[in-house]
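A closer look at the structure
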Amino acid sequence: MSAEQLIGNWKLVSWQVVTGDETKDLFGTKPKGYMILTREGRAMTVTTAEARTPGESEPERSALHRSMLAYKYRIEGNEFITTVDASWNEGWNGSEQRRHFRLDGDKLFVESAPAPSIVSPGKVDFRRIVWEREK
């Protein structure tokens, strides 16, 4: 598959974390998010949880930041490889994350390899993200 097929605007459909037999909608069942993929390998991505409210207190503001991230990308075969540019978790910045992807019509399915869980400490999970091409 060519990277050219992925260029364009995408709307987030779902972002799930799978741990064992449990599947959790990380940003809720109706997350908000958009991804723009350019020919130059840049990705402008904003994802947010469905039930965000204004952050008045320090814990509320902290929770808002944990539902955001941004990165750039490149394609190698059927792997969608991202480099985190900005994240609520400073430790992720500059890290590279490899994900498998497939394109089915106007839907882009992206799945990470199993890794130590960010949701359930001490467990292993993987992420399953679905985007839909904007028309």
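My aim in this report is to walk through the structure given alongside it, one point at a time.

Reading the values: rules and limits
- Residues numbered from 1 in each chain as written.
- Predicted model: local features only at pLDDT ≥ 70, side-chain atom pairs only at ≥ 80, totals over all residues.
- Heavy atoms only, no water.
- Salt bridge = Lys/Arg side-chain N within 4 Å of Asp/Glu carboxyl O.
- Helix = DSSP H or I, 4+ residues; strand = E, 2+ residues; numbered from the N terminus.
- Buried < 20%, exposed > 50% of the residue type's maximum accessible area, 1.4 Å probe, protein only.
- Phe/Tyr/Trp six-rings, centres within 6.5 Å; stacked < 30°, edge-to-face > 60°.
- Lys NZ or Arg CZ within 6 Å of the ring centre and 35° of its normal.
- Pairing = 2+ DSSP bridges.
- Core = buried A, V, L, I, M, F, W, Y, C linked by side-chain atoms within 4.5 Å.
- Contact = heavy atoms within 4.5 Å.

What follows deals with the pattern of salt bridges. Side-chain pairing between opposite charges can occur once the charged atoms of the two side chains come close. In total, this model carries ten salt bridges according to the counting rule given. The partner of E76 in a salt bridge is R98, and the shortest N-O contact between them spans 3.4 Å. Of this pair, E76 sits in strand β5 (residues 69-76) while R98 sits in strand β7 (residues 96-104); the two residues are 22 residues apart in sequence, bridging distant segments of the chain. Taking relative accessible area as the criterion, E76 reaches 35% and is therefore assigned partly exposed. On the accessibility criterion, R98 (37% relative accessible area) is partly exposed. A salt bridge links D125 to R127; the shortest N-O distance between them is 2.9 Å. Each member of the pair, D125 together with R127, is buried.

Time to look at the packing of aromatic side chains. Across all of its chains, the model carries three aromatic pairs by this definition. A cation over an aromatic ring shows up here: R102 above the ring of F109, its NZ or CZ 4.1 Å from the ring centre.

Moving on, we come to the pairing of strand β10 (residues 124-133). With eight bridges joining them, strand β1 (residues 8-19) and β10 adopt antiparallel strand pairing. Opposite Q16, over in β10, you have R128 as the bridge partner. The pairing of strand β8 (residues 107-112) with β10 spans five bridges and is antiparallel. Bridge pairing in β10 places V110 opposite I129. Relative to β10, strand β9 (residues 115-116) is paired through two bridges, and the arrangement is antiparallel. Paired with A115 across the bridge in β10 is D125.

Membership of the largest hydrophobic core comes to 19 residues, with the highest contact counts inside it found for M35, L37, F80, L108 and W131. For this core, the secondary structure elements donating two or more residues are β1, β3 (32-37), β5, β8 and β10.

The subject of this paragraph is the side chain of S14. Turning to its location among the elements, S14 is positioned in strand β1. Taking relative accessible area as the criterion, S14 reaches 17% and is therefore assigned buried. Sequence-distant contacts of S14, defined by excluding residues within four places in its chain, comprise P31, R128, I129 and V130.

Below, the discussion takes up the pairing of β8. Of the two faces of β8, only one is covered, namely that formed by L108, V110 and S112; the face formed by K107, F109 and E111 stays uncovered. Pairing geometry for β7 and β8, over six bridges, is antiparallel. Across the sheet, residue R102 finds its bridge partner in β8, namely F109. Between β7 and β8, which pair antiparallel in sequence order, lie two residues; one of them, G105, sits at a positive phi of approximately 65 degrees.

Everything listed is a geometric property; what it means functionally is a separate question.
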